[in-house]
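Fold and contact review
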Amino acid sequence: MPKSLTRKTVYLSCIFLSLAISVSANEEEGNFLDASLEEIMRIPLDVNAVNILESHIHKKNQWMVGYRFMHMGMQGNLSDDKQVSNADVLKDYRVAPTSMTMEMHMASLMYAPSDDVTLMAMLPYKRFSMEHVTRMGGRFTTKSEGIGDLTLMANAVAFRTRWNEHVFNVKGGLSLPTGSINERDKTPASDDQKVAYAMQLGSGTVDLLAGLSYGGLTNDWGWGAQALATIRTGKNDNHYRLGDKLEGSIWVTRIWDNWISTSIRANGELWEDIHGADPEFNPRMSPSVNPDIRGGKRLNMLLSMELYAPEGALKGQHLGFEIGLPVYQSLDGPQLEADWIISAGWQWTF
Ligand SMILES: [Cu+2]
């Protein structure tokens, strides 16, 4: 036999063998032809699902439950892209925020009534801690924690290729004001002081969400882009409305095997100042309660890894890890600047 023919025979036997294995593995499901083809094509619609939650879709009648933990550290103040010292902040304000941590536990639930529509609900539990220094040199910390705003969203496929090598979807939804906007804590000025805008757990308003995602996929690579806008409506019970927000991401994923992928992602965020003001705040007390200097923009670079259980008892489970650093920020300030962000998540699709 010529060499090339031998090679072809070997290839063909390999393909046949793997087909046979996947067919026998999927025998119970009855739908073995679809399932085995799918495995060959490896159509992980949710290849980056843990780290970019809103972008993916599910197959008809699939459910997904998920949990994600996020931690963001902020230290020092920026005004535009320039650092501002505490002493400089204290020339204009009686209190300067010096650092802040934000932790979020996010529960998510997804269901696809059809191959073209995926519904999702997300509920965060947030915990904030902010350190301050006063003009007199005193230091104090304020904290808040609790349930944030409930998000309901639908992803609708606008365009897809047969094997989902390219999927383009549009999304819309609502954020409902289930999070408190009346969080309070002890400060040197009062035993019962409302905490800053950024430490309140919700927006207090009904917010509209609208966005687009595109995802592309081969056996070894994934890539995609997403844009998501948050449009706030009306004013909340405390007479203000948080600024509208626009977020965008682009990413490239290397699929190393059917159980592991790694990604690099650029994520841009743009958010406006607060409209109106909570009358309880004196905006000259601290920049964190001055509604006119809360806007900003930021570009983050993030590295992530996702692990999948393609079969066995853990089939359908995902784990994801992501670490990110801001590479550019420009803030209406003085405003605390982000230093780093990490997250870890789990998902189970069934
Ligand atoms: Cu999902």
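Attention here is on the structure that accompanies the text. (Residues numbered from 1 in each chain as written. Predicted model: local features only at pLDDT ≥ 70, side-chain atom pairs only at ≥ 80, totals over all residues. Heavy atoms only, no water.)

Bringing the overall build of the protein chain into the picture now. A count of helices and strands for the protein chain gives three helices and 17 strands. Here the protein chain holds 350 residues, and 45% of them are scored as buried. A fraction of 67% describes how many contacts in the protein chain between residues 6 or more apart in sequence connect residues 24 or more apart. Surface exposure of the protein chain reaches about 17,600 Å², of which carbon and sulfur atoms provide 62%. (Helix = DSSP H or I, 4+ residues; strand = E, 2+ residues; numbered from the N terminus. Buried < 20%, exposed > 50% of the residue type's maximum accessible area, 1.4 Å probe, protein only. Contact = heavy atoms within 4.5 Å. Areas by Shrake-Rupley, 256 points an atom, 1.4 Å probe, with all protein chains shown as cover.)

Let us now look at the packing of aromatic side chains. Following the criterion strictly, the structure yields four aromatic pairs and no others. Note on Trp63 and Tyr111: the rings are 4.5 Å apart at their centroids and 35° apart in plane angle, and the pair reads as tilted. Pair noted here: Trp63 is in strand S1 (residues 63–80) and Tyr111 is in strand S3 (residues 95–114), with a separation of 48 residues, a long-range link. Looking at Trp63, the relative accessible area reads 37%, which means it is partly exposed. Under the relative-accessibility criterion, Tyr111 is labelled partly exposed at 24%. Relative to Phe281, the ring of Tyr197 has its centre 4.9 Å away and its plane inclined at 65°; by these criteria the two rings are edge-to-face. Residue Tyr197 is found in the loop between strand S9 (193–194) and strand S10 (207–217), and its partner Phe281 is found in the loop between strand S15 (275–276) and strand S16 (296–308); the two are separated by 84 residues along the sequence. Taken individually, Tyr197 and Phe281 each receive the classification buried, so the pair is uniform in this respect. An aromatic cluster of three or more residues is present, and its members are Tyr197, Tyr240 and Phe281. In this arrangement the basic side chain of Arg254 is found over the ring face of Trp256, its NZ or CZ atom lying 4.8 Å from the centre. (Phe/Tyr/Trp six-rings, centres within 6.5 Å; stacked < 30°, edge-to-face > 60°. Lys NZ or Arg CZ within 6 Å of the ring centre and 35° of its normal.)

Here the focus is the coordination of the copper ion. Distances from the copper ion to its protein donors, His56 (NE2), His58 (NE2), Met64 (SD) and Met110 (SD), fall at 1.9 to 2.4 Å. What the four donor atoms of the copper ion show is an angle range of 98 to 122° at the metal, which sorts the shape as tetrahedral. One chain supplies every donor for the copper ion, spaced along it as H-x1-H-x5-M-x45-M. (Donors = N, O, S within 2.8 Å, 3.2 Å for Na, K, Ca; no water. Tetrahedral: all angles 85-135°; square planar, octahedral: opposite > 155°, others 65-115°.)

Side-chain pairing between opposite charges can occur once the charged atoms of the two side chains come close. Counted according to the given criterion, the structure contains 13 salt bridges. Salt-bridge contacts for Lys194 lead to Glu280; the nearest nitrogen and oxygen are separated by 3.2 Å. With Lys194 in strand S9 and Glu280 in the loop between S15 and S16, this pair connects stretches of sequence that are 86 residues apart. You can call Lys194 buried: its relative accessible area is 4%. The class of Glu280 is partly exposed, set by a relative accessible area of 39%. (Salt bridge = Lys/Arg side-chain N within 4 Å of Asp/Glu carboxyl O.)

Sheet topology places S1 next to strand S17 (residues 317–349); 14 bridges connect them, and they run antiparallel. Opposite Val65, over in S17, you have Trp348 as the bridge partner. For S16 and S17, the ladder comprises 13 bridges, and the chain directions are antiparallel. Residue pairing in the sheet places Met305 in a bridge with Phe321 of S17. (Pairing = 2+ DSSP bridges.)

Relative to the helices and strands, Gln329 resides in strand S17. Here Arg298 takes part through its side chain, which lies 3.5 Å from a polar atom of the side chain of Gln329. A polar contact is formed between the side chain of Gln329 and the backbone oxygen of Ala338, at a distance of 2.7 Å. Apart from residues lying up to four places away in sequence, Gln329 is in contact with Leu78, Asp80, Asp81, Lys297, Arg298, Glu337 and Ala338. (Polar contact = N/O pair within 3.5 Å; in protein donor to acceptor, adjacent residues only side chain to side chain.)

Our focus in this paragraph is unusual backbone geometry. Residue Pro334 is bonded to the preceding Gly333 through a cis peptide linkage, with omega at 10°. Structurally, Pro334 can be placed in strand S17. Of note, Asn61 is a non-glycine position whose phi angle comes to about 70°, a positive value. By the secondary structure assignment, Asn61 is in the loop between helix H2 (32–41) and S1. Notably, Asp80 is not glycine yet its phi reads approximately 55°, a positive angle. Along the polypeptide, Asp80 turns up in strand S1. Relative accessible area serves as the criterion here: at 45%, Asp80 is assigned to the partly exposed category.

When you line up the elements, Asn282 lands in the loop between S15 and S16. Accessibility expressed as a relative area gives 32% for Asn282, which makes it partly exposed. Residue contacts for Asn282: discarding those within four places in its chain leaves Arg94 and Val289.

A surface patch of nonpolar side chains, amounting to about 1,100 Å² of accessible area, comprises Trp221, Val252, Ile264, Leu299, Met301, Leu303, Ile323, Leu325, Val327, Tyr328, Trp340 and Ile342. Of all the elements in the fold, those that place two or more residues in the nonpolar patch are S16 and S17. In terms of residue count, the dominant contributor to the nonpolar patch is S17 (six residues). Among the secondary structure elements, Ile264 is positioned in strand S14 (residues 260–271). Note on Ile264: relative accessible area 42%, which makes it partly exposed. (Patch = residues over 30% accessible without salt bridge, like charges linked within 9 Å, V, L, I, M, F, W, Y side chains within 5 Å.)

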